[in-house]
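# Coordinate inspection notes
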Amino acid sequence: MGKYKVLQVGCGKMSTYTMQYAMEKGYDIVGALDISESVIGKDISTVLGGNDTGVTIEDIKNLDEVIDRVSPDIAIVTTTSLIGELADILTTLASKGVNAVTTCEEAFYPSVSNPTVTEKIDTLAKEHNCTITGTGYQDVFWGNLIYTLGGATHKITKIKGSSSYNVEDYGIALAKAHGAGLSLEEFARDVAAADEISDEERQELIKSGTYTPSYMWNVVPWLADRFGFTLTSMKQKCVPIVAEEDTPSETLGTTIKKGYATGMSAIVTGETKEGIIIEAECIGKVYGKDDVDTNAWTIEGEPSTSVVITKPDTVKLTCASIVNRIEDTINSLPGYIPTSQMGEIEYINK
């Protein structure tokens, strides 16, 4: 492994681990950018802790100039959950020939929710011989783990999964996207209504780049691609998780009242040409004192198999997955390449 140069884009909670893990694996952090005045101009040790490194966090507005100055091999992008919001960053990286791997959940398989932006990035990446992809916790726990279980199955009739996570761990943008803090009326209007539409209306939103997918909307086609299934239809339903008592939220800076939404459950169901159903649910909410992360999947068929993982360290697992995909991304074909086409994610020795 060569000492690849890494540019960190986004210096929030996730970057604490992506930078630490990348450095411990022998990669060289050559630059860092953010939008927050609270960290711009400070050494990355402000985020990491420890002694100064000599790498100063710069304004994301200077992305072009920073790329030209530090010539990174790859960028780690840990900012938002929607690829449309990342379009400027990813198109800039692609046009500069910089590989990029992002925690953006929609970026896991974005062609099914925002094909216009995905195609633009794909074209630029191919022109400039670099690779853009999305990865994280879902790469293993909603993806390759399930694919591996399939390898011990004679006949699959249905793949069913459910995963829960604390939106407090991922920042305010994600919490708001899950409807945390909304009244049930506001949730119905601002979140659930987006899926109370016909398939034709949904496709129009997708084509226009204005559709807001749940995380599983991009996981179901990833699984179909990895297994070699052909999707024929998908549908999505979002329902609020209702607070049974007043629930404080550090991320929102308030207490969510009893009867308000702490987050949501989103269920995506995909039908395939092969007759196999893929049903995946994600539950993202502000946790109460007794809540923990869980990940449960079942492959129904001959034989049927279930796996349940309790208390996975979702944030750290996401960040380790990002770092372990660095070389896969650099060595991949150019373009927007989902990790479903990169093979299994592997542990990387230092």
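Whatever comes next refers back to the structure up there.
Remember, predicted model here, so these are calculated numbers, not experimental data.

This brings us to the overall build of the protein. What the protein contains, in helices and strands, is 12 helices and 15 strands. With the principal axes as the frame, the protein shows a C-alpha extent of 50 × 45 × 40 Å. Looking at the protein as a whole, 53% of its 350 residues are labelled buried. A separation of at least 24 residues holds for 72% of the contacts in the protein among residues at least 6 apart in sequence. Surface accessibility of the protein: about 15,400 Å² in total, with carbon and sulfur atoms responsible for 48%. Taken as two groups, the 29 positive and 50 negative side-chain charges of the protein have centres that lie 2 Å from each other.

Now for helix 10 (residues 215-227). A rise of 1.5 Å per residue sets the reference length of helix 10, with its 13 residues, at 18 Å; its end C-alpha atoms lie 19 Å apart and thus fit the reference within 8%. In terms of burial, helix 10 is a largely internal element, 12 of the 13 residues being buried. The set of residues buried in helix 10 consists of Tyr-215, Met-216, Trp-217, Asn-218, Val-219, Val-220, Pro-221, Trp-222, Leu-223, Ala-224, Arg-226 and Phe-227. Backbone geometry just downstream of helix 10 places Gly-228 in the positive-phi region, at approximately 85°.

One recurring pattern in soluble globular proteins: nonpolar side chains tend to sit buried together. Formed by 68 residues in total, the largest nonpolar core has its most connected members in Trp-142, Ile-159, Met-216, Leu-223, Trp-297 and Ile-326. A per-element tally of this core places helix 10 first, with nine residues. Counting 29 residues, the second-largest nonpolar core is a separate cluster that includes Val-9, Val-70, Leu-90 and Cys-104.

Conventions and cut-offs
Residues numbered from 1 in each chain as written. Predicted model: local features only at pLDDT ≥ 70, side-chain atom pairs only at ≥ 80, totals over all residues. Heavy atoms only, no water. Helix = DSSP H or I, 4+ residues; strand = E, 2+ residues; numbered from the N terminus. Buried < 20%, exposed > 50% of the residue type's maximum accessible area, 1.4 Å probe, protein only. Contact = heavy atoms within 4.5 Å. Areas by Shrake-Rupley, 256 points an atom, 1.4 Å probe, with all protein chains shown as cover. Lys, Arg positive; Asp, Glu negative; His and termini not counted. Charge placed at Lys NZ, Arg CZ, Asp CG, Glu CD. Expected span 1.5 Å × (residues − 1). Core = buried A, V, L, I, M, F, W, Y, C linked by side-chain atoms within 4.5 Å.

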